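Chain by chain, the residues:
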Amino acid sequence: MSTRTRPRAHPDDGTTTYREALREGLREALASDDRVFLMGEDVGRYGGCFGVSLGLLEEFGPDRIRDTPLSESAFVGAGIGAALAGMRPVVEIMTVNFSLLALDQILNNAATLRHMSGGQLGVPLVIRMTTGAGRQLAAQHSHSLEGWYAHIPGLRVLAPATVDDARHVLAAALADPDPVLLFEHGSLYNAAGMLDPAVHDVHLDRAAVRREGTDVTIVAYGGCVSKALEAAEAMAGEGISAEVVDLRTLRPLDDATIVGSVLRTHRAVVVDEGWRSGSLSAEIESRIYEQAFFDLDAPVERVCSAEVPIPYARRLEEAALPQPADIVAAAHRVVS
Amino acid sequence: MATAHGGTSARTSQTKRPRRTRGTAATPSRTPAAAHDLDLLRQMLLIRRFEERCVELYSAAAIRGFVHLYIGEEAVAVGVHQALDERDAVVSTYREHGHALARRVPPEAVMAEMYGKATGCSHGRGGSMHLFDGDRRFYGGNAIVGGGLPLAAGLALADRMRGESRVTCCFFGDGAFAEGEFHETANLAALWGLPVLFVCENNLYAMGTALAREHAQTDLAMRAASYGMAAWAVDGMDVHAVEKAARGAVESIRAGNGPHFLEMRTYRFRAHSMYDPDRYRPKNEIEEWKRHDPVTGLADGMRAAGLLDDAALKALDQDVMEEIDRAVRAAEQAPEEAAEDLLLHVTGRPEEAPS
């Protein structure tokens, strides 16, 4: 794949990249449970389309680091079958755009079998995939469709935004008896941070307050969390105190943390890289209205991608995506 | 039948009906072969009568939804199941009453599911198209054409990785053969040498569209063979031919020879579903196929071999009808699922993860 980014050498400053954190999580899962295996396009010899599984083939062998044909429906469906039979497959799909070829398997089988079978069959499957834009890959490699998956009962949808979450999310996902979709924003793989040695797990049912504030709540997830934090930092210089909530789990949504924050700040901006129409941001906004309407001092604002297939040209792509300046502008509108 | 299916190559055909030599009329039911034939007949009759009762119940509005009947295809389910045992897995389609009953899912549980009752094999969440039995490794019940194929590869992959000598049998129709699901799965299964038995029930129609109108090349076994799998076409109206082919395939799969493909040349005597006015099939074609009825075919063969007489057949039929009567009575008296339990079984608790 022409879009591959090489994993950078481990930096000397003690930080870990998002990519390395994911790889550590995978390595730990593979080493601790022999039911776990990784399957997907280029995960083995190539080392992963985005370098996440580099080196794991040598460590765990081709049975457990399993290269697949370009057959999303078959290998995702095979993951479902293997999970039904008691394995703990981790399936990697290159991007959410390609996951549409497996959408039937994900929705009609993985999400549905437990219910249709009256609780007899569970599908403890983890599907990892890249999402999002920002790397000039044009429309078919750049969309953010995780909100569609968050619509579906029977699935859990996660979007780790930090190196700590990337490091520990897989173990939590594998402990879930149901299918878990893990969305990794493509622009995060090279992002580096200090792993917190005190953090050992991820709460799948709880959003995280990444920055505390009193004037406005900025709700974001995945690749937009860093943009929200950047916007909050910029606003701090103007005397506006912004709280940043990282959803972390898109389904089920943690209403308590979202609404709890809004009840403190009385204002909210929702950031979502998906398109505005019918988006996850609409759902979050609606829940805020349903649960905190009389505590709001201003209508909720949303910052989403422009309603256009994501273009290739840098200037156009940047214009299509939520940017920190857009978040600041939205926050100004609700605070003023 | 070969003519009706068209384009059959001699290499892949097994349309001759074997006539096995039987014991004498004096000792009919005492030989193992006779007992076996009687069991095959009983199972096929059970499926036939079960579905005929479903037609009545549907007309009486006791059961609803889409109901796809298997009448005419009974030899496939019953014959294939002779080669499978409890450790194996079965993946099925929306035309799966026959598969479920041949898998020995109790008729009470299947009928209760048709009624949407709490005692149904899917606790009323599935209905006719989504029968499941986890304990019997019966994995549906899939109403997306071809949707079960990748699951079968995955079940087989798990067995392969754990060194189990189990086989996963996947039933699907000629309609599914046109889906990418079949071709992706056939490639994956052959590439990885997975223990899958693909059983394509070629009943000549994908819903209302004839085989030649949906497939550029109608010899499905030949096409399956192009993936590097052993593949045969079998007379799907002859339970002995089905059993023989399935036993050979399963034995070879257990010996580690990877996936095998059987194209079962069969026919459904009824429409695609209860909603289908069946205007697309010539009446004389249906009548011609009914002359190869798998149930009466076996009964006639047994009669000719002196293994069955009118009284014995009547007694057998009576026994089957009573079993179905009991299933219907039980389903009618079974409790409904409570509306308060609507949201059960959407997600599980951690302890519900299969080990």
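As the structure is a prediction and not an experimental result, all values here were calculated from the model. (Residues numbered from 1 in each chain as written. Chains lettered and ligands numbered in written order. Predicted model: local features only at pLDDT ≥ 70, side-chain atom pairs only at ≥ 80, totals over all residues. Heavy atoms only, no water.)

A few words now on the overall build of chain A. When helices and strands are counted, chain A shows 13 helices and 14 strands. At 19 Å, chain A has a C-alpha radius of gyration in line with the 20 Å of a compact globule built from 336 residues. C-alpha atoms of chain A, sized along the principal axes, occupy 60 × 50 × 40 Å. When each of the 336 residues of chain A is scored for burial, the buried share is 63%. Between the mean site of the 30 positive side-chain charges and the mean site of the 46 negative ones, chain A shows a separation of 3 Å. (Helix = DSSP H or I, 4+ residues; strand = E, 2+ residues; numbered from the N terminus. Rg over C-alpha atoms; globule rule 2.2 N^0.38 Å. Buried < 20%, exposed > 50% of the residue type's maximum accessible area, 1.4 Å probe, protein only. Lys, Arg positive; Asp, Glu negative; His and termini not counted. Charge placed at Lys NZ, Arg CZ, Asp CG, Glu CD.)

Let us look at the overall build of chain B. For chain B, the helix and strand inventory stands at 14 helices and 8 strands. Classification of the 355 residues of chain B by burial places 55% in the buried group. Excluding contacts between residues fewer than 6 apart, the proportion of contacts in chain B whose partners are at least 24 apart in sequence is 76%. As displayed, chain B offers around 14300 Å² of accessible surface, 51% of which is attributable to carbon and sulfur atoms. (Contact = heavy atoms within 4.5 Å. Areas by Shrake-Rupley, 256 points an atom, 1.4 Å probe, with all protein chains shown as cover.)

We now examine the packing of helix 3 (residues 74-81) of chain B against helix 11 (residues 239-254) of chain B. Residues and elements named next belong to chain B. Running from amino to carboxyl end, helix 3 crosses helix 11 at an angle of 40 degrees, the nearest separation of the two axes being 8 Å. Between helix 3 and helix 11, the angle is such that the two are oblique. In the packing of helix 3 onto helix 11, the handedness of the crossing is right-handed. The segment helix 3 lies against helix 11, with Ala 75, Val 76, Val 78, Gly 79 and Val 80 engaging Val 239, Val 242, Glu 243 and Ala 246. The residue makeup of the contact of helix 3 with helix 11, split by class, is 7 nonpolar, 1 polar and 1 charged. (Axes fitted to C-alpha atoms, helices over the stretch in contact; angles between N-to-C directions. Parallel < 35°, antiparallel > 145°, perpendicular 65-115°, else oblique. Left-handed = near helix turned anticlockwise from the far one by under 90°. Nonpolar A, V, L, I, M, F, W, Y, C, P; charged D, E, K, R; others polar.)

This part takes up the nonpolar core. Within the largest apolar cluster, 127 residues are counted, with the highest numbers of intra-cluster contacts made by Tyr 149 and Ile 288 of chain A together with Phe 172 and Phe 261 of chain B. Setting aside chain neighbours within four positions, we find Phe 261 of chain B in contact with Phe 172, Phe 177, Phe 182, Phe 198, Cys 200, Leu 220, Ala 221, Ala 224, Met 229, Ala 230, Ala 231 and Trp 232 of chain B. Judged by nonpolar contacts, the second largest core, of 65 residues, contains Leu 41, Val 55, Cys 121 and Leu 197 of chain B. (Core = buried A, V, L, I, M, F, W, Y, C linked by side-chain atoms within 4.5 Å.)

Once that is clear, we can look at the sheet that holds strand 2 (residues 138-141) of chain B. Residue and element names in this part refer to chain B. The 6 strands lie next to each other as 2-1-3-4-8-7, forming an open sheet whose pairing is parallel. Among the strands making up the open sheet, the edge pair consists of strand 2 and strand 7 (230-235). Across the sheet, the mean angle from the axis of one strand to that of its neighbour is 15 degrees, orientation sign disregarded. In terms of strand pairing, strand 1 (residues 89-92) meets strand 3 (residues 168-173) through 3 bridges, oriented parallel. Its bridge partner lying in strand 3, Val 90 is registered against Cys 169. Most of the contacts of helix 6 (residues 149-162) go to strand 3, to which it runs at about 170 degrees, and overall it touches strand 1, strand 2, strand 3 and strand 4 (196-202). Sitting on the sheet, helix 11 is in contact with strand 4, strand 7 and strand 8 (260-265), with an inclination near 170 degrees to strand 8. (Pairing = 2+ DSSP bridges.)

What follows is about the confidence of the model for chain A. With 97% of its residues at a pLDDT of 70 or more, chain A has an overall mean of 95. Between residues 1-7 of chain A, whose pLDDT stays under 50, and residues either more than four places distant or in other chains, the model counts 22 contacts. (pLDDT = per-residue confidence, 0-100.)

With that out of the way, let us pick up the interface of chain B and chain A. Contact residues are listed per partner, giving 42 residues for chain B and 45 residues for chain A. Carbon and sulfur atoms make up 64% of the area that chain B and chain A hide from each other, which totals about 3400 Å². The interface formed by chain B and chain A contains 0 salt bridges. Inspection of the chain B/chain A interface yields 18 residue pairs in polar contact (both at pLDDT 80 or more). Element by element, the count of residues in the side of chain B that touches chain A is highest for helix 6 of chain B, at 9 residues. (Buried area = accessible area lost by both parts, 1.4 Å probe. Salt bridge = Lys/Arg side-chain N within 4 Å of Asp/Glu carboxyl O. Polar contact = N/O pair within 3.5 Å; in protein donor to acceptor, adjacent residues only side chain to side chain.)

Attention now goes to helix 2 (residues 32-59) of chain B. Over its 28 residues, helix 2 of chain B runs 41 Å from end to end, which matches the ideal 40 Å to within 8%, given 1.5 Å per residue. Ala 61 of chain B occupies a position one or two residues after helix 2 of chain B and carries a positive phi of about 65 degrees. (Expected span 1.5 Å × (residues − 1).)

Okay, the environment of Glu 113 of chain B next. Residues and elements named next belong to chain B. Residue position: Glu 113 is located in helix 5 (residues 107-114). As a C-alpha pair, Glu 113 and Ala 331 span 218 residues in sequence and 8.1 Å in three-dimensional space. Excluding residues within four positions of it along the chain, Glu 113 makes contact with Gly 120, Cys 121, Ser 122, His 123, Gly 124, Arg 125, Gly 126, Gly 127 and Leu 131. A polar contact of 3.5 Å, which involves the side chain of Glu 113, links it to the backbone nitrogen of Arg 125.

This paragraph deals with the packing of aromatic side chains. Residues and elements named next belong to chain B. In this structure the tally under the stated criterion is 18 aromatic pairs over all chains. Looking at Arg 64, its charged tip hangs above the ring of Tyr 58, at a distance of 4.5 Å from the centre. Above the ring of Tyr 205, the side-chain terminus of Arg 281 is found at 5.7 Å from the ring centroid. (Phe/Tyr/Trp six-rings, centres within 6.5 Å; stacked < 30°, edge-to-face > 60°. Lys NZ or Arg CZ within 6 Å of the ring centre and 35° of its normal.)

Residues and elements named next belong to chain B. Burial analysis of strand 4 places 7 of its 7 residues in the buried class, which makes it a mostly covered element. Every second residue of strand 4 is oriented toward a common face, with Val 196, Phe 198, Cys 200 and Asn 202 on one face and Leu 197, Val 199 and Glu 201 on the other, all of them buried. The pairing of strand 3 with strand 4 spans 6 bridges and is classified as parallel. Across the sheet, residue Phe 172 finds its bridge partner in strand 4, namely Cys 200. As paired elements, strand 4 and strand 8 share 6 bridges and run parallel to each other. Residue pairing in the sheet places Val 199 in a bridge with Leu 262 of strand 8.

This paragraph deals with the UniProt feature "domain: Dehydrogenase E1 component" (unreviewed entry) in chain B. Feature annotation in UniProt places "domain: Dehydrogenase E1 component" (unreviewed entry) on residues 43-339 of chain B, given in this structure's numbering. Spanning residues 43-339 of chain B, this segment combines 47% helix with 12% strand, and its end C-alpha atoms are found 36 Å apart. (UniProt positions renumbered as here; feature names shortened; annotations may be inferred.)

This next bit is on the side chain of His 185 of chain A. All names here are of chain A. One can find His 185 in strand 7 (residues 180-185). Since its relative accessible area comes to 6%, His 185 is described here as buried. A polar atom in the side chain of His 185 sits 2.8 Å from the side chain of Ser 187. His 185 has contacts with Tyr 18, Thr 130, Thr 131, Gly 132, Ala 133, Gly 223 and Glu 273, leaving out every residue within four places of it along the chain.

Moving on to the environment of Gly 51 of chain A. Along the chain, Gly 51 of chain A turns up in the loop between strand 2 (36-40) and helix 2 (56-60). For Gly 51 of chain A, a relative accessible area of 0% gives the class buried.

Moving on: the packing of helix 5 of chain B against helix 14 (residues 310-333) of chain B. Residues and elements named next belong to chain B. The geometry of helix 5 relative to helix 14 is characterised by a closest axis approach of 8 Å and an angle of 45 degrees between their N-to-C directions. By the angle class used here, helix 5 and helix 14 are oblique. Crossing geometry of helix 5 relative to helix 14 is assigned as right-handed. Where helix 5 approaches helix 14, its residues Pro 107, Glu 108, Met 111 and Ala 112 are matched on the opposing element by Glu 323, Ala 327, Val 328, Ala 330 and Ala 331. Grouping the amino acids of the contact of helix 5 with helix 14 by side-chain chemistry returns 7 nonpolar, no polar and 2 charged.

Within the UniProt annotation, "domain: Transketolase-like pyrimidine-binding" (unreviewed entry) is assigned to residues 16-191 of chain A. Along residues 16-191 of chain A the backbone is 37% helical and 19% strand, and the end-to-end C-alpha distance reaches 8 Å.

A few words on helix 3 (residues 72-84) of chain A. Residues and elements named next belong to chain A. With 13 residues, helix 3 extends 18 Å between its outermost C-alpha atoms, agreeing within 8% with the 18 Å of an ideal straight helix rising 1.5 Å per residue. Within helix 3, 13 of the 13 residues are buried, leaving the element largely enclosed by the surrounding structure. Of the residues flanking the end of helix 3, it is Gly 86, one or two places downstream, whose phi is positive at about 100 degrees.

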